[in-house]
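Residue-level listing of the chains:
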Amino acid sequence: PFCFKMPRGSKVGPRVEIPWRRLTTAGIQASVNYATALPGFMADRGLCPISRVITIDPRSKDSTQTPFDSLYPLIFNQQIKDISLLGKT
């Protein structure tokens, strides 16, 4: 399993453990780039900062881990605490 440390006070707890990572090295780099670019993109357009993330629950082997894994750098970098993990896909 792979464990993601969550921001202090996160609604999903101190960590989220997933059975495996499906992102390739390129996918991980893309998620890091996304986390870096999106806040500035939104600010440049006068949009509110991201304060909530809703994604598929990655903890089950029956679900996909990719949406959560792709958003994790954004969640961690922005210290987003309001996170909802939805049931199976």
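Undergrad: Hey, could you go over the nonpolar core for me, with residue numbers and the actual values?
TA: In terms of nonpolar packing, the biggest core is built from 17 residues, with Met-6, Val-16, Phe-68, Ile-75 and Ile-83 touching the most fellow members. Only strand E2 (15-18), helix H1 (25-44), helix H2 (66-78) and strand E4 (82-86) provide two or more residues apiece to this core. Counting residues per element, this core draws most heavily on H2, which supplies five residues. With near-sequence residues (within four places) excluded, Phe-68 lies in contact with Phe-4, Met-6, Val-16, Thr-55, Ile-56, Pro-58, Ile-75 and Leu-85.

Undergrad: Would you mind going over the packing of aromatic side chains in detail, with residue names and values included?
TA: Tallying each qualifying case throughout the model produces five aromatic pairs. Measuring from ring centre to ring centre gives 6.2 Å for Phe-68 and Tyr-72, while their planes differ by 45°; the resulting arrangement is tilted. One end of the pair is Phe-68 and the other is Tyr-72, both in helix H2 and four residues apart, which spans about a single turn. We note Arg-21 situated over the ring of Phe-2; from NZ or CZ to the ring centre the distance is 4.5 Å.

Undergrad: Explain the pairing of E2 to me, using residue names and the numbers behind them.
TA: Covered by surrounding structure in E2 are Val-16 and Ile-18 only, the residues Arg-15 and Glu-17 on the alternate face being uncovered. The pairing of strand E1 (residues 2-5) with E2 spans four bridges and is classified as antiparallel. Its bridge partner lying in E2, Phe-2 is registered against Ile-18.

Undergrad: Pulling in residues and values, what's your account of the environment of Asp-57?
TA: Topologically, Asp-57 is positioned in the loop between strand E3 (52-56) and H2. A relative accessible area of 16% means that Asp-57 is categorised as buried. Taking the C-alpha atoms as reference points, Asp-57 and Val-16, separated by 41 residues in sequence, lie 9.4 Å from one another. Sequence-distant contacts of Asp-57, defined by excluding residues within four places in its chain, comprise Ser-63, Thr-64, Leu-85, Leu-86 and Gly-87. Of note is the side chain of Asp-57, whose polar atom sits 2.8 Å from the side chain of Arg-59.

Undergrad: Which residues make up unusual backbone geometry, and what values do they have?
TA: One non-glycine residue, Gln-79, lies in positive phi territory at about 55°. Assignment of secondary structure puts Gln-79 in the loop between H2 and E4.

Undergrad: I'd like a rundown of the pattern of salt bridges, residues and numbers included.
TA: For side chains bearing opposite charge, pairing can occur when the charged atoms are close. Counting across every chain of the model gives four salt bridges. Two residues, Lys-11 and Asp-82, come together in a salt bridge whose shortest N-O distance is 3.2 Å. Residue Lys-11 is located in the loop between E1 and E2, and its partner Asp-82 is located in strand E4; the two are separated by 71 residues in the primary sequence. One salt bridge in this structure joins Arg-59 and Asp-57, with 2.8 Å as the shortest N-O distance. Relative accessible area serves as the criterion here: at 43%, Arg-59 is assigned to the partly exposed category. Taken together, the salt bridges that share partners define one network made up of Lys-11, Arg-52 and Asp-82.

So, how was this worked out
Residues numbered from 1 in each chain as written. Predicted model: local features only at pLDDT ≥ 70, side-chain atom pairs only at ≥ 80, totals over all residues. Heavy atoms only, no water. Core = buried A, V, L, I, M, F, W, Y, C linked by side-chain atoms within 4.5 Å. Buried < 20%, exposed > 50% of the residue type's maximum accessible area, 1.4 Å probe, protein only. Helix = DSSP H or I, 4+ residues; strand = E, 2+ residues; numbered from the N terminus. Contact = heavy atoms within 4.5 Å. Phe/Tyr/Trp six-rings, centres within 6.5 Å; stacked < 30°, edge-to-face > 60°. Lys NZ or Arg CZ within 6 Å of the ring centre and 35° of its normal. Pairing = 2+ DSSP bridges. Polar contact = N/O pair within 3.5 Å; in protein donor to acceptor, adjacent residues only side chain to side chain. Salt bridge = Lys/Arg side-chain N within 4 Å of Asp/Glu carboxyl O.

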